Amino acid sequence: MGTALDSRLNDKVALVTGAGSGIGRASAIRFAAEGAKVLCADIDTQAAEGTVGLIAEAGGAADSVGLDVTDQAQMEAAFERAVEQFGKLNVLFNNAGIAGSEWQQTIDVNLTGVHNGLLRGAKFFAANGGGSIINTASVAGLAGLTGPHVTDDPDEIQPNVGAYVAAKHGVVGLTKQFAVTFGRFGVRVNAIAPGYIVTPMTAEARSDDATEEYLISLHPLGRLGQPEEIAAAASFLASDDASFINGVTLPVDGGYTAR
Ligand code: NAP
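Residues numbered from 1 in each chain as written. Predicted model: local features only at pLDDT ≥ 70, side-chain atom pairs only at ≥ 80, totals over all residues. Heavy atoms only, no water.

## Some remarks on the nonpolar core
Soluble globular proteins: nonpolar side chains tend toward being buried together. Rule in force here: In these notes, a set of buried Ala, Val, Leu, Ile, Met, Phe, Trp, Tyr and Cys residues joined through side-chain atoms within 4.5 Å is what counts as a nonpolar core. Relative accessibility under 20% of the residue-type maximum defines a buried residue, over 50% an exposed one, and the middle range a partly exposed one, all with a 1.4 Å probe and only protein chains included. Numbering of helices and strands runs from the N terminus, with a helix taken as a DSSP run of H or I at least four residues long and a strand as a DSSP run of E at least two residues long.
Membership of the largest hydrophobic core comes to 33 residues, with the highest contact counts inside it found for Leu15, Phe79, Leu89, Phe125 and Ile133. Sorting the residues of this core by element identifies strand 1 (13–17), strand 2 (37–42), helix 3 (72–86), helix 4 (103–127), helix 5 (161–182) and strand 6 (187–194) as the ones contributing at least two each.

This is how it looks when you write it as structure tokens:
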């Protein structure tokens with residue numbers, strides 16, 4: 001017999017992008033553990049299949065689909081796949097993202113990719129009795145990023161981080177706009193702003209002791225976050241426990257943005 005927590009997402013079908021790794025994988029596993037049927041989508045189809053395998057091992061229901069979030073047609077196909085496979089769809093976690101890339105690619109994946117999901121998801125949910133959309137923003141969507149001191153030469157400063165910060169600020173804005181526009185159709189749109197999380201995305205930064213120590217020092221809890229801690233917040237926002245929460249960006253950052 002399930003507990004209340006086991007069954008919180010029992011009647012939900014969720015599409016999670018970037019589900020092959022890190023935060024997306026942990027969230028797909030958490031959603032399934034709480035009773036949702038989960039379509040795991042990732043540009044790396046094998047990685048998404050790996051997540052499905054982990055969910056199946058734990059007794060959950062999941063399927064996988066290859067999805068490049070920058071491609072609107074693929075986004076629509078993923079929605080169709082979810083409905084074909086599970087009969088409906090009422091949660092979308094727009095989570096896929098990249099770091100350390102050039103301007104255009106960063107904007108394409110981290111901002112246009114989220115917009116593609118919002119466009120399809122908001123209209124689909126509005127036409128089907130409502131739903132919950134969660135976007136992965138970042139503390140970089142709420143303020144500029146700082147880094148360890150590297151150089152006093154302005155010519156040596158790498159400006160790529162600006163694309164990431166711009167895209168994530170854009171995600172916060174899109175979250176508000178879609179929440180305002182689609183709220184009256186029962187569509188809730190919220191975002192999560194993680195601090196630095198222990199996933200493959202941050203592996204390179206964490207591999208340097210001084211950089212890792214600096215990143216840890218930014219979080220008043222004195223440590224980096226785990227992907228399961230973002231998954232817990234995503235599962236709450238996906239659930240009916242968050243039924244009157246719409247348009248917020250929730251920092252899940254160990255206090256990073258509190259100072
Ligand atoms: P991750 O471990 O690198 O996982 C991201 C997943 O998304 C990977 O499987 C990646 O595939 C996939 N992906 C990349 N481009 C895609 C595309 N165009 N379409 C579909 N899938 C794509 O990263 P993560 O740390 O879990 O990050 C997840 C989200 O959290 C991102 O939006 C990120 O910006 C955000 N975030 C992360 C942190 C952090 O500290 N980790 C902090 C704040 C916000 P490939 O591996 O093949 O590229």
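Back to the text.
## Concerning the site of the ligand
Selection rule: Being near a molecule or strand, for a residue, comes down to having at least one heavy atom within 4 Å of it. The definition of a polar contact used here is a pair of N or O atoms within 3.5 Å, where within protein one atom must be able to donate a hydrogen and the other to accept one, and adjacent residues in sequence count solely through side-chain atom pairs. In this classification, the charged set is Asp, Glu, Lys and Arg, the nonpolar set is Ala, Val, Leu, Ile, Met, Phe, Trp, Tyr, Cys and Pro, and all remaining amino acids, among them Gly, are polar.
For the ligand, the set of nearby residues contains 28 residues, the closest of which are Ser21, Asp42, Tyr164, Ile197 and Thr199. The contact in question runs from a nitrogen atom of the ligand to an N or O atom on the backbone of Val69, over 3.0 Å. Counting only elements with at least two residues in the shell around the ligand, the list comes to helix 1 (22–33) and helix 5. Grouping the amino acids of the shell around the ligand by side-chain chemistry returns 14 nonpolar, ten polar and four charged.

## Section: the sheet that holds strand 5 (residues 131–136)
Worth spelling out the cut-off: What makes two strands pair is DSSP finding at least two bridges between them. Orientation is described by lines fitted to C-alpha atoms, with helices fitted over the stretch in contact, and by angles between N-to-C directions that extend from 0 to 180 degrees.
The strand order across the open sheet formed by seven strands is 3-2-1-4-5-6-7, and the pairing between neighbours is parallel. Two strands in the sheet have a free side with no partner beyond their single neighbour: strand 3 (61–66) and strand 7 (249–252). Neighbour to neighbour, the strand axes of the sheet diverge by 20° on average, direction disregarded. With four bridges joining them, strand 4 (residues 91–94) and strand 5 adopt parallel strand pairing. From the neighbouring strand, Val91 faces strand 5, where its bridge partner is Ser132.

## Section: the pattern of salt bridges
A pair can form between side chains of opposite charge whenever their charged atoms are brought close. What counts, and what does not: By salt bridge we mean one thing: a side-chain nitrogen of Lys or Arg within 4 Å of a carboxyl oxygen of Asp or Glu.
Applying the stated rule across the entire model yields six salt bridges. A salt bridge links Glu34 to Arg8; the nearest nitrogen and oxygen atoms lie 2.8 Å apart. Taken together, the residues span a long stretch of sequence, with Glu34 in the loop between helix 1 and strand 2 and Arg8 in the segment before strand 1 at a distance of 26 residues. Where Arg223 meets Glu229, a salt bridge forms, and the shortest distance between an N and an O atom there is 2.8 Å. A relative accessible area of 33% means that Glu229 is categorised as partly exposed. Put simply, Arg8, Arg30, Glu34 and Asp241 are held in one network by salt bridges that share partners.

## A closer look at the packing of helix 1 against helix 2 (residues 45–57)
Under the convention used in this document: When an angle is under 35 degrees it counts as roughly parallel; over 145 it counts as roughly antiparallel; between 65 and 115 it counts as roughly perpendicular; any other value is oblique. For a crossing to be left-handed, the near helix must be turned anticlockwise from the far one by less than a right angle; the clockwise case is right-handed. In what follows, a contact means two residues having at least one pair of non-hydrogen atoms within 4.5 Å.
The N-to-C vectors of helix 1 and helix 2 enclose an angle of 30°; their axes lie 10 Å apart at closest approach. Here helix 2 runs roughly parallel to helix 1, going by the angle between their axes. Helix-helix and strand crossings are classified by hand; for helix 1 and helix 2 the assignment is right-handed. Residues Arg25, Ala28, Ile29 and Ala32 of helix 1 lie in contact with helix 2, whose contacting residues are Ala47, Gly50, Thr51, Leu54 and Ile55. Grouping the constituent residues of the contact of helix 1 with helix 2 by class yields six nonpolar, two polar and one charged.

## As for helix 3
Note the cut-off: Expected span of a helix: the number of residues minus one, times 1.5 Å.
Along its 15 residues, helix 3 runs 21 Å from first to last C-alpha, staying within 8% of the 21 Å computed at 1.5 Å per residue. Taken together, the buried residues of helix 3 touch strand 1, strand 2, strand 3, strand 4 and helix 4. A distance of 2.9 Å separates the backbone nitrogen of Ala73 from a side-chain oxygen at the start of helix 3, and that oxygen is part of Asp71. Phi turns positive one or two residues past the end of helix 3, at Gly87, with a value near 85°.

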